[in-house]
Structure formats: C-alpha cells, structure tokens
Amino acid sequence: MTSDDITLEAAVAALHDAEQALRAARRNLTAAIAAAYRSGEPVARIAERTGSDVIAVRNTLAAAGASRHA
C-alpha cells in the first residue's frame, strides 16, 4: 500500500464521519424546530433564528409530522 492509498483511505473515513455528524445535526435541528413550533413560536421567527426561510421551516415541520399546514 502506498502513502497515496493511506491518504485516500483516511479521506474516505473522514468523509464517512462527517456524513454521520451531518445526519445527527439535521436530526437535532429538526427536533429543535419542531419543539419551538409546538411551544408556539411562529414559523417566521423560527426561520429567522435558523437563517432559513419560511418554506424550508414548513417543509421540515411537515417531514417531522409537526405542521398544521402539511
């Protein structure tokens, strides 16, 4: 095995780890958005707080089964 192979394997492992972290972060964000919505926070305010837009927040809520507008 050459040093290029080791570098490639390390890069693949790092990518796998990053993908797992991204999935976990998305789950956490979805849970936090749903919790904020259930506690009465307006969708527009959630979008503002997350740096997103209203449509993306509504889509997240719909996917989580937390939206009255799904």
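Up top is the structure these notes are about.
This is a predicted model, so every value here is computed, not measured.

Chemist: Before we move on, could you go through the overall build of the protein and cite the residues and values that matter?
Modeler: Tallying secondary structure elements over the protein gives 3 helices and 0 strands in all. Mapped from its N terminus to its C terminus, the protein presents α and β elements in the order α-α-α. Relative to a compact globule of 70 residues, whose C-alpha radius of gyration would be 11 Å, the protein shows 18 Å and is clearly more extended. Expressed as lengths along the three principal axes of its C-alpha atoms, the size of the protein is roughly 55 × 20 × 15 Å. Counting across all 70 residues of the protein, residues that qualify as buried make up 17%. A sequence separation of at least 24 residues applies to 37% of the contacts in the protein between residues at least 6 apart. In the form shown here, the protein has an accessible surface area of approximately 5100 Å², with 57% of it arising from carbon and sulfur atoms. Charged side chains of the protein number 8 positive and 8 negative; the gap between the two group centres comes to 19 Å.

Chemist: Describe the packing of helix α1 (residues 3–38) against helix α2 (residues 43–50), naming the residues involved and giving the relevant values.
Modeler: Where α1 meets α2, the axes come as close as 10 Å, and the angle between the chain directions of the two elements is 145 degrees. Here α1 and α2 pass one another in a crossing that is right-handed. Residues Leu-29, Ile-33, Ala-36 and Tyr-37 of α1 pack against Val-43, Ile-46 and Thr-50 of α2.

Chemist: Account for α1, with residues named and values stated.
Modeler: Between its first and last C-alpha atoms α1 spans 52 Å; for 36 residues at 1.5 Å apiece the expected length is 52 Å, and the two agree. Those residues of α1 that sit buried are Ile-33, Ala-34, Ala-36 and Tyr-37. Considering only its buried residues, α1 is in contact with α2 and α3 (54–64).

Chemist: Account for the nonpolar core, with residues named and values stated.
Modeler: With 10 residues, the main nonpolar core is built from Ile-33, Ala-34, Ala-36, Tyr-37, Val-43, Ile-46, Ala-47, Val-57, Leu-61 and Ala-66. When contributions to this core are tallied by element, the ones reaching two or more residues are α1, α2 and α3. Sorting elements by how many residues they give to this core places α1 first, with 4 residues. If near-sequence neighbours (up to four positions away) are discounted, Leu-61 is found in contact with Ile-33, Ala-34, Tyr-37, Val-43, Ala-66 and Ser-67.

What counts and what doesn't
Residues numbered from 1 in each chain as written. Predicted model: local features only at pLDDT ≥ 70, side-chain atom pairs only at ≥ 80, totals over all residues. Heavy atoms only, no water. Helix = DSSP H or I, 4+ residues; strand = E, 2+ residues; numbered from the N terminus. Rg over C-alpha atoms; globule rule 2.2 N^0.38 Å. Buried < 20%, exposed > 50% of the residue type's maximum accessible area, 1.4 Å probe, protein only. Contact = heavy atoms within 4.5 Å. Areas by Shrake-Rupley, 256 points an atom, 1.4 Å probe, with all protein chains shown as cover. Lys, Arg positive; Asp, Glu negative; His and termini not counted. Charge placed at Lys NZ, Arg CZ, Asp CG, Glu CD. Axes fitted to C-alpha atoms, helices over the stretch in contact; angles between N-to-C directions. Left-handed = near helix turned anticlockwise from the far one by under 90°. Expected span 1.5 Å × (residues − 1). Core = buried A, V, L, I, M, F, W, Y, C linked by side-chain atoms within 4.5 Å.

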